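Remarks on the overall topology
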Protein chains: 2
Amino acid sequence: MALDNPTTQAAVTTADKVFEQMLHAIVDGTIKAGSKISEPELAKNYQISRSTLREALNRLEKCHLIERKANVGSRVVECSIAGLLEIYVVREALEGMACRQAAINMTDDEILEMKAMLKQHASAKALRDGISYYQEEGDLDFHYKVILGSHNQQLINILCGQLYHLVRMYRCQFGMNSPRVTKAFDEHSRIIEAISDRDGELAEILMRRHIAASRKNIENKIAQQQ
Amino acid sequence: MALDNPTTQAAVTTADKVFEQMLHAIVDGTIKAGSKISEPELAKNYQISRSTLREALNRLEKCHLIERKANVGSRVVECSIAGLLEIYVVREALEGMACRQAAINMTDDEILEMKAMLKQHASAKALRDGISYYQEEGDLDFHYKVILGSHNQQLINILCGQLYHLVRMYRCQFGMNSPRVTKAFDEHSRIIEAISDRDGELAEILMRRHIAASRKNIENKIAQQQ
DNA sequence: CAAAGCCTTATTGTCGACAATTTATTATTA
DNA sequence: TAATAATAAATTGTCGACAATAAGGCTTTG
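Here we summarise the structure given alongside this text.

This next bit is on the protein's contact with DNA strand D. In the vicinity of DNA strand D there are 19 residues, among which R50(A), R54(A), T13(B), T14(B) and T52(B) approach most closely. Among the atoms of DNA strand D close to the protein, meaning within 4 Å, 67% are from sugar or phosphate groups. A distance of 3.2 Å separates a phosphate oxygen of DNA strand D from a polar atom in the backbone of N71(A). A distance of 2.4 Å separates a phosphate oxygen of DNA strand D from a polar atom in the side chain of T14(B). Taken together, the residues of the surface near DNA strand D sort by class into 6 nonpolar, 8 polar and 5 charged.

Within the largest apolar cluster, 132 residues are counted, with the highest numbers of intra-cluster contacts made by I195(A) and I195(B). Ignoring sequence-local partners within four residues, the contact set of I195(A) consists of C99(A), A102(A), A103(A), M106(A), I111(A), V146(A) and A203(A).

Our focus in this paragraph is the sheet that holds strand β1 (residues 36-37) of chain B. Residue and element names in this part refer to chain B. Overall, antiparallel pairing links the 3 strands, which are arranged β1-β3-β2 in an open sheet. Whereas interior strands pair on both sides, the edge strands pair on one side only; in this sheet they are β1 and β2 (66-69). In the sheet, β1 pairs with strand β3 (residues 73-76) via 2 bridges, with the strands oriented antiparallel. Paired with K36 across the strands is R75, a residue of β3. Sheet contacts for helix α3 (residues 50-62): β1, β2 and β3; angle to β2, the most-contacted strand, approximately 115 degrees.

Residue and element names in this part refer to chain B. Note: β2 against β3, 4 bridges, orientation antiparallel. The residue bridging E67 from the neighbouring strand is R75, located in β3. Between β2 and β3, which pair antiparallel and follow one another directly, the connecting turn spans 3 residues, one of which, N71, has a positive phi of 65 degrees.

With that settled, consider the side chain of D16(B). Residue and element names in this part refer to chain B. Relative to the helices and strands, D16 is located in helix α1 (residues 14-27). Judged by relative accessible area, D16 falls into the buried class, the value being 14%. There is a polar contact of 3.0 Å between the side chain of D16 and the side chain of R59. Setting aside residues up to four positions removed in sequence, D16 forms contacts with A11 and R59.

The operation linking the two copies of the chain is a rotation about an axis combined with a translation along the axis. Between the two copies, chain A and chain B, the superposition gives an RMSD of 0.0 Å; the rotation angle is 180 degrees and the shift along the axis is 0.0 Å. This pairing of chains is accounted for by a two-fold axis. Comparing interface residues between copies, 97% of those in chain A also sit at the interface in chain B, which points to an isologous, same-surface contact.

The next thing to look at is the state of the cysteines. Residues and elements named next belong to chain A. Enumeration according to the criterion identifies 0 disulfides over all chains in this entry. Sulfur of C160: no disulfide; nearest cysteine sulfur belongs to C63 and is 12 Å away. Overall, C160 belongs to the buried group, its relative accessible area being 0%.

Taken as a whole, this structure holds 32 salt bridges over all chains when the rule is applied. In this structure, R208(B) and E204(A) form a salt bridge, with 2.7 Å as the shortest nitrogen-oxygen distance. A residue pair is termed interchain when its members come from two chains, as with R208(B) in helix α9 (residues 200-225) and E204(A) in helix α9 (residues 200-225). Exposure remark for E204(A): the relative accessible area of 3% places this residue in the buried category. Ionic pairing is found between E39(B) and R50(B), a salt bridge with its closest N-O pair at 3.0 Å. Of this pair, E39(B) sits in helix α2 (residues 39-46) while R50(B) is found in helix α3, placing the two residues 11 residues apart along the sequence. With relative accessibility at 45%, the residue R50(B) sits in the partly exposed group. Each of D16(A), E55(A), R59(A), K62(A), E39(B), R50(B), R54(B), E61(B) and R68(B) takes part in one network of salt bridges that share partners.

An order of β1-β3-β2 (chain A) is seen for the 3 strands of this open sheet, with the pairing classed as antiparallel. Bordering the open sheet on either side are β1 (36-37) and β2 (66-69) of chain A, each of which pairs with just one other strand.

On the accessibility criterion, E39(A) (13% relative accessible area) is buried. At 3.0 Å, the side chain of E39(A) and the side chain of R50(A) are in polar contact.

Residue and element names in this part refer to chain A. One way to put it is that helix α4 (residues 81-105) packs onto helix α7 (residues 153-174) with a least axis distance of 11 Å and a crossing angle of 140 degrees. Put simply, α4 runs oblique to α7. When you trace α4 past α7, the crossing you get is left-handed. Across the interface between the two elements, I81, G83, L84, I87, V90, R91, L94, E95, M97, A98 and Q101 from α4 touch L155, I158, L159, L163, Y164, L166, V167, Y170, R171 and F174 from α7. The class makeup of the residues in the contact of α4 with α7 is 16 nonpolar, 2 polar and 3 charged.

So, on to the protein's contact with DNA strand C. Around DNA strand C there are 20 residues in total, and T13(A), T14(A), T52(A), R50(B) and R54(B) lie nearest to it. What you see for DNA strand C is that sugar and phosphate hold 69% of its atoms within 4 Å of the protein. S51(A) is positioned with one of its side-chain polar atoms (N or O) 3.3 Å from a base nitrogen of DNA strand C. A distance of 2.7 Å is found between a base nitrogen of DNA strand C and a side-chain nitrogen or oxygen belonging to R50(B). Mapped onto the surface near DNA strand C, the elements with two or more residues apiece are α1 (14-27) and α3 (50-62) of chain A together with β1, α2 and α3 of chain B.

Analysis parameters
Residues numbered from 1 in each chain as written. Chains lettered and ligands numbered in written order. Predicted model: local features only at pLDDT ≥ 70, side-chain atom pairs only at ≥ 80, totals over all residues. Heavy atoms only, no water. Near = heavy atom within 4 Å. Polar contact = N/O pair within 3.5 Å; in protein donor to acceptor, adjacent residues only side chain to side chain. Nonpolar A, V, L, I, M, F, W, Y, C, P; charged D, E, K, R; others polar. Core = buried A, V, L, I, M, F, W, Y, C linked by side-chain atoms within 4.5 Å. Buried < 20%, exposed > 50% of the residue type's maximum accessible area, 1.4 Å probe, protein only. Contact = heavy atoms within 4.5 Å. Pairing = 2+ DSSP bridges. Helix = DSSP H or I, 4+ residues; strand = E, 2+ residues; numbered from the N terminus. Axes fitted to C-alpha atoms, helices over the stretch in contact; angles between N-to-C directions. Least-squares fit on C-alpha atoms with pLDDT ≥ 70 in both. Disulfide = S-S within 2.5 Å. Salt bridge = Lys/Arg side-chain N within 4 Å of Asp/Glu carboxyl O. Parallel < 35°, antiparallel > 145°, perpendicular 65-115°, else oblique. Left-handed = near helix turned anticlockwise from the far one by under 90°.

Listed below in structure tokens is the structure:
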């Protein structure tokens, strides 16, 4: 499945399974943003012990999806405009660098794969233009592939392991089917081109612009609403 | 104390205290890099239950200081040249952006504080030139202040909360008293100047060069040794 | 003798209960 | 009545024990 996280290995332990269930629930808002987490209640719901639940909570905390205070408890993070913009700033820096590294470190096979993926997205886009949900998945696919292509384990961990869960949460809860799909698609093409040319400097610049454009798009939307 | 982490609140629970003890032990190599962690053994050493120890281990995992495999156990991370260079790449991207944001978001008071700190470092440096341990602390102080000055919670969490423990670990275990102290000091000055001028673009460029210079310095050292 | 399979041992994952702390409620007092 | 103090309830932190899984040593077999 497109949105599965390439850094997480298959869930073997029950804590892992509960973690994944809660992950989805938090991302899609079933467990509401900002809500308090009651350990006894959730443990009963999932029919597990509190120890196991706490293990799952620790994994969620690693993704910055919940926050814990000693002797007080856990809360799901809030989704605020300010928080969203903060994430964009981090993404601009990190994915820009990931893109530069990808231009250096990607294998030729990986580049071919990316081109194929983009071609597939192109036809899917032609098919159902405007409907953006699949495009959103495609967008994440693209960004994942670039990040993985950096071959930098730290970058991969931070971006795919933690930050992207938050990104998905915001996309779900703020319902972003942006009108940028077509433009974003072109930008993706040029980025792949730069990577293919092994031009790390250009690749970084293009990726940073690509993400900054998304951020500005959001900022404009907000400005309009007010 | 200079090296204390500004993002971590005072340790109240015993798991917190054990976490801090293990943190120091791992950073300075008392608990060897790459070594396996035996839960029963450590629990006995610290005279706590395994549950509490596991809580501490989870915090260490959040800092990427240990790695866990399901049903197998935890290991302290290895310190490799490749791993160190990976961190520099991430720092170049993130601290560069943090510096840009600091130029935008720092208060005038914070900027004054940074200037004062630098002046203090200058006198301390004149006093004991060449001895770099204190300078290392000063260096971390400087970088911390810039990161905090970004006023971006995500940046602060990633850099101060996780990555900097690893940075300190590498510094301790690879024993880096680089001959770059003087040069680094000048670079710090120029960065603060750019921030003071509210020139985010320049501030980012200077910080990226500053970190890239450190990375290249290491790469050269390695190249010489071989 | 080497390799595969089984068994023993040790380690990790999970559970339920108790202790410590916080939060909510009630009672008291100015 | 409002604010404070004391008390009760609930929640989190910690503990020790059991179950499930993996690692190491042993036997067996080709």
